[in-house]
Amino acid sequence: MLKSALVVVAISIAAGATIRAWAFAIFAFLLVVALGAVILLKGSSFSDAIAYCLQALVLMEVSYLAGLFVYSLWEHMQKRRKRNSVAERAPMTGKRPHG
């Protein structure tokens, strides 16, 4: 159970940096439906399957938002670095060079 939760978190964080929210919502829904089917086929009750699926869905959504936030923050820092990395120029005094 812990391994599957770690895989879900890792995939969701990676998805936050790469795909759109609507695509992730479809992916998460399909994954949770498949997970629910597997749980039901193992012989668990319907209420247990629903509870586990909702927990997985919440974990996926929170991880997606965390990945999206971290990626946006990293991208913002990169843009800021580019803006501030302009080579320092010699101060201009307004005088023309002699010669």
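Since the model is a prediction, treat every value here as computed from it, not as a measurement.

1. As for helix 1 (residues 2-18)
In an α-helix, one turn spans 3.6 residues, which is why side chains three or four residues apart end up on the same side. For helix 1, which comprises 17 residues, the first-to-last C-alpha distance of 24 Å matches the rise-based estimate of 24 Å (1.5 Å per residue) to within 8%. Of all the positions in helix 1, only Val-8, Ser-12, Ala-15 and Gly-16 are classed as buried. End-on view of helix 1: buried residues confined to an arc of 105°, all on one side of the axis. In helix 1, the exposed positions that point more than 90 degrees away from the buried face belong to Leu-2, Lys-3, Leu-6 and Thr-18. Against the buried residues of helix 1 lie helix 2 (21-41) and helix 3 (46-84).

2. A look at the side chain of Ser-63
Along the chain, the position of Ser-63 falls in helix 3. When its relative accessible area of 6% is taken as the criterion, Ser-63 is described as buried. In this structure the side chain of Ser-63 is engaged in a polar contact, spanning 2.8 Å, whose partner is the backbone oxygen of Leu-59.

3. Re the confidence of the model for the protein
Confidence in the prediction of the protein, expressed as mean pLDDT, is 82, and 84% of residues score 70 or more. Here helix 1 is the element of the protein with the lowest mean pLDDT, 81, and helix 2 is the one with the highest, 90.

4. Here's the deal with the packing of aromatic side chains
Aromatic ring pairs are reported here in terms of the distance separating the ring centres and the angle at which the planes meet. All told, the structure shown has three aromatic pairs when counted by the stated rule. Where Phe-24 meets Phe-27, the ring centres are 6.0 Å apart and the plane angle is 45°; that geometry is what we call tilted. Within this pair, Phe-24 and its partner Phe-27 are both found in helix 2, separated by three residues, close to a single helical turn. Here Phe-24 falls in the buried class, since its relative accessible area comes to 1%. Summarising the aromatic geometry, the rings of Phe-24 and Tyr-64 are spaced 4.4 Å apart at their centres and angled 10° between planes, so their arrangement reads as stacked. Placement of the pair is Phe-24 in helix 2 and Tyr-64 in helix 3, with a sequence separation of 40 residues. Both residues of the pair, Phe-24 and Tyr-64, belong to the buried class.

Rules and cut-offs
- Residues numbered from 1 in each chain as written.
- Predicted model: local features only at pLDDT ≥ 70, side-chain atom pairs only at ≥ 80, totals over all residues.
- Heavy atoms only, no water.
- Helix = DSSP H or I, 4+ residues; strand = E, 2+ residues; numbered from the N terminus.
- Expected span 1.5 Å × (residues − 1).
- Buried < 20%, exposed > 50% of the residue type's maximum accessible area, 1.4 Å probe, protein only.
- Arc of directions from axis to C-beta.
- Contact = heavy atoms within 4.5 Å.
- Polar contact = N/O pair within 3.5 Å; in protein donor to acceptor, adjacent residues only side chain to side chain.
- pLDDT = per-residue confidence, 0-100.
- Phe/Tyr/Trp six-rings, centres within 6.5 Å; stacked < 30°, edge-to-face > 60°.

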